[in-house]
Amino acid sequence: MCTNHSSIRCIIPPYMEDKLKDSSNLALAKNAINSKFRSYRFRSDREFFKGTNEKEKTVLGAMSARKTATPHAKLEVYNCKKGTDLSKATLLWKTGSTKKPTDRDAKNVIKAGTDTWSLYYELFHRNSIDNLGMTIKQYIHYDKKYDNAFWDGRRMIYGDGDRTIFGSFTSDVDIIGHELTHGVTQFEANLDYEMQAGALNESFSDVFGIMIKQRALNQDVKKADWLIGENVLLGKKYALRSLKAPGTAYKNHPDLGTDPQPATMDNYQNLPNTENGDWGGVHINSGIPNYAFYVTAFNLGGFSWEKAGRIWYAALTDTAHLLHNATFVDLKKITVTKAGELFGANSLEVKAVKDGWAAAKV
Amino acid sequence: MKITLLRSGGIIPMTKKAETDVDWTQDELNELLQIIGVERHSPGIARDASSYSLQAGDRTLSIDWDKIPAKYKKVFEEMKDNLKIEKKE
């Protein structure tokens, strides 16, 4: 039996080791001496650690623990200076810059960009838009009085609004979250931007946009107003969209008329799949899956991102089942399946998802 | 002749319009439309983006703003500055 001996080398008993170090064969002797030296080192290390107290162990553990890089949001903000040529935009701020910008729109997109990254990372372990740590590039002050915000396939662009009907398109965290989520969708299900798939694409952006806003404001499903773009569309009683009551975000607006979004499938708008037809009404019919999400989240209670958000994110990232040309019925089936996988087949969550889609008459 | 610039699309779907009178000949207009006209059959990769089209007589054609020749730029820029939302009931 091997005693008082290095466990890693105990296949050679001590008496043999002593013989070997006295051997006339220089190579064998060298190996044996080395081995004996390591054994002493090992035994002395073990003796040392035996005598350490908890505090010393903690300090030593902390010293030896391998440091792994924690992902963090990487942002860049560019100023278009009212131009439309993005190659001429100047870098205003980037993550790590010590000097904070004074520009209000820059501050808005930094805050909302960080909120968006945090929601995706902290809740879903997703590192940025592509889940590979992509730098989030945001371009502000695009064009003159430009009343829109868009995702161009690799970055976000925001106009200042005409200041009469629309305020700055950086004024609402949900709008910024909406645009960034178009990026996430592009890297996941990559839903077509036409007909029902396009409406689902828009809906995912609204759903995650509203969760980013509610999380930033620490609002539960009851406290939240479920409005998208309430600061972008000027006037206290107006917003761009309502997930709680699609079709009511603005009523009798002097320029825009009344919100055309349906809440239920029986009011689905059959619009032409053309530019003028909003590619089959992607911004209009999105009211239907939006309403399904709202009802699901509301019935589950608490914070929208805790359960309903997890289910919808699992659906968005299940690229084997959520295909590029998915329909509302497809998403209904996938969200029911995901709720079952996450919370159990007979869970209240599955029932809430089914009730959500039933309320939207899908 | 009367020409109309239209901007459509965006995060909230709306159409904006601006009209102006120009003294271009039909040949000039045809040549311009050949340069700036684009066939847009799909929404492309951008999301919530807006796009422009030009209406002249009974023709309406999607246009590429970046291809507008320098000599026509001023007319188009002025129309863009005067775009008004097409009101809905």
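Everything numeric here is computed off the predicted structure, so don't read it as measured data.

Q: Can you walk me through the overall build of chain B in this structure?
A: When you go through chain B residue by residue, the secondary structure sums to two helices and five strands. Going from N to C terminus, chain B has its helices and strands arranged as β-β-α-β-β-α-β. The C-alpha atoms of chain B give a radius of gyration of 13 Å, which matches the 12 Å a tight globule of 89 residues would have. Buried positions account for 45% of the 89 residues belonging to chain B. For chain B, the exposed area adds up to about 4900 Å²; of that, 46% sits on carbon and sulfur atoms.

Q: Help me out: how do you make sense of the interface of chain A and chain B in this one?
A: Interfaces are frequently sized by the accessible area removed from exposure as the parts join. Listed per partner, the contact involves 38 residues of chain A and 29 residues of chain B. Roughly 2600 Å² is buried in total at the junction of chain A and chain B, and carbon and sulfur atoms are behind 51% of that figure. Three residues stand out in chain A for area buried against chain B, namely A:Tyr193, A:Glu275 and A:Trp279, and they jointly supply 21% of the buried area on that side. The tally of links between chain A and chain B comes to six salt bridges. The partner of B:Lys87 in a salt bridge is A:Asp255, and the shortest N-O contact between them spans 3.9 Å.

Q: Looking at this model, I keep getting lost on the sheet that holds strand E2 (residues 90–94) of chain A. Mind explaining?
A: Strand pairing in a sheet relies on backbone hydrogen bonds. The paired strands run either parallel or antiparallel. Residues and elements named next belong to chain A. Pairing is mixed across the open sheet formed by five strands, whose spatial order is E2-E1-E3-E5-E4. Taken across any chain shown, the strands that pair with only one partner, and hence form the sheet edges, are E2 and strand E4 (149–151). Across this sheet, the average inter-strand angle for adjacent strands is 20°, counted without regard to direction. Seen against the sheet, helix H4 (residues 104–124) touches strand E1 (75–79), E2, strand E3 (136–140) and strand E5 (156–158) and runs at an angle of roughly 155° to E3.

Q: Would you take a moment to explain the environment of B:Phe76 for this structure?
A: Residue and element names in this part refer to chain B. Tracing the backbone through its elements, the reader meets Phe-76 in helix H2 (residues 70–81). The spatial distance from the C-alpha of Phe-76 to the C-alpha of Thr-25 is 17 Å, given a sequence separation of 51 residues. Among all residues touching Phe-76, those that are not within four sequence positions of it are Leu-5, Trp-24, Leu-32, Ile-36, Leu-54, Ile-63, Trp-65 and Ile-68.

Q: For this particular structure, what's the right way to read the domain arrangement of chain A?
A: Residues and elements named next belong to chain A. The domains assigned to chain A are domain 1 (14–187) and domain 2 (195–359). Counting residues at the interface gives 28 residues for domain 1 and 32 residues for domain 2. Summed over both sides, the interface of domain 1 with domain 2 buries roughly 2400 Å², with 68% coming from carbon and sulfur. Of all residues in domain 1, the largest losses of buried area upon contact with domain 2 belong to Phe-124, Ile-165 and Asp-174, amounting jointly to 24% of the total for that side. Inspection of the domain 1/domain 2 interface yields two salt bridges. Linking Glu-122 and Arg-215 is a salt bridge whose minimum nitrogen-to-oxygen distance equals 2.7 Å.

Q: Explain the sheet that holds strand E2 (residues 14–21) of chain B here, please?
A: Residues and elements named next belong to chain B. Read across the sheet, five strands follow the order E4-E3-E1-E2-E5 without closing on themselves; strand pairing throughout is antiparallel. The open sheet has two edge strands with one neighbour each: strand E4 (59–63) and strand E5 (84–85). On the sheet, helix H1 (residues 26–36) packs against strand E3 (50–56) and E4 and is oriented at approximately 40° with respect to E4. Strand contacts of H2: strand E1 (2–9), E2, E3 and E4, with the helix running at about 55° to E1, the strand carrying the most contacts.

Q: Which parts of the structure should I look at to understand the packing of helix H6 (residues 195–216) of chain A against helix H8 (residues 287–300) of chain A?
A: Geometrically, a packed helix pair is captured by the angle between its two axes and the distance between the axes. Residues and elements named next belong to chain A. Contact geometry for H6 and H8: axes closest at 8 Å, N-to-C directions at 40°. By the angle between their axes, H6 is oblique relative to H8. Handedness of the H6/H8 crossing: right-handed. Side by side, H6 and H8 meet where Ala-199, Leu-200, Ser-203, Asp-206, Val-207 and Met-211 of the first sit next to Pro-289, Asn-290 and Phe-293 of the second. Considered class by class, the residues forming the contact of H6 with H8 number six nonpolar, two polar and one charged.

Q: Whenever I open this one, the pattern of salt bridges confuses me. Can you help?
A: Under the defined criterion, the tally for this structure stands at 26 salt bridges over all chains. In this structure, A:Lys351 and A:Asp355 form a salt bridge, with 2.7 Å as the shortest nitrogen-oxygen distance. Of this pair, A:Lys351 and A:Asp355 both sit in helix H11 (residues 348–359), four residues apart, which is roughly one turn of that helix. Across the pair B:Lys17 and B:Glu86 runs a salt bridge, and its minimum N-O distance is 3.2 Å. Residue B:Lys17 is found in strand E2, and its partner B:Glu86 is found in the segment after E5; the two are separated by 69 residues along the sequence. Taking relative accessible area as the criterion, B:Glu86 reaches 36% and is therefore assigned partly exposed.

Q: I tried to follow the UniProt feature "domain: Peptidase M4 C-terminal" (unreviewed entry) in chain A on my own but got confused; where do I start?
A: Per the UniProt record, "domain: Peptidase M4 C-terminal" (unreviewed entry) is found at residues 189–362 of chain A. Helix makes up 44% of residues 189–362 of chain A and strand 2%, whereas the separation of the span's terminal C-alpha atoms amounts to 20 Å.

Q: How do you make sense of the nonpolar core when you look at a structure like this?
A: For soluble globular proteins, the rule of thumb is that nonpolar side chains tend to be buried together. Of all hydrophobic cores here, the largest spans 83 residues; its most connected members are A:Phe166, A:Phe208, A:Trp226, A:Phe293, A:Trp312 and A:Leu322. Both domains that meet at this core, namely domain 1 (14–187) and domain 2 (195–359) of chain A, each give it at least three residues. Contact partners of A:Trp312, with chain neighbours within four places excluded, come to A:Phe204, A:Val207, A:Phe208, A:Ala292, A:Phe293, A:Thr296, A:Leu331, A:Thr335, A:Val353 and A:Trp357. In terms of nonpolar packing, the next biggest core, distinct from the first, is built from 20 residues, B:Leu32, B:Ala56, B:Met79 and B:Leu83 among them.

Conventions used here
- Residues numbered from 1 in each chain as written.
- Chains lettered and ligands numbered in written order.
- Predicted model: local features only at pLDDT ≥ 70, side-chain atom pairs only at ≥ 80, totals over all residues.
- Heavy atoms only, no water.
- Helix = DSSP H or I, 4+ residues; strand = E, 2+ residues; numbered from the N terminus.
- Rg over C-alpha atoms; globule rule 2.2 N^0.38 Å.
- Buried < 20%, exposed > 50% of the residue type's maximum accessible area, 1.4 Å probe, protein only.
- Areas by Shrake-Rupley, 256 points an atom, 1.4 Å probe, with all protein chains shown as cover.
- Contact = heavy atoms within 4.5 Å.
- Buried area = accessible area lost by both parts, 1.4 Å probe.
- Salt bridge = Lys/Arg side-chain N within 4 Å of Asp/Glu carboxyl O.
- Pairing = 2+ DSSP bridges.
- Axes fitted to C-alpha atoms, helices over the stretch in contact; angles between N-to-C directions.
- Domains from an automatic or database assignment.
- Parallel < 35°, antiparallel > 145°, perpendicular 65-115°, else oblique.
- Left-handed = near helix turned anticlockwise from the far one by under 90°.
- Nonpolar A, V, L, I, M, F, W, Y, C, P; charged D, E, K, R; others polar.
- UniProt positions renumbered as here; feature names shortened; annotations may be inferred.
- Core = buried A, V, L, I, M, F, W, Y, C linked by side-chain atoms within 4.5 Å.

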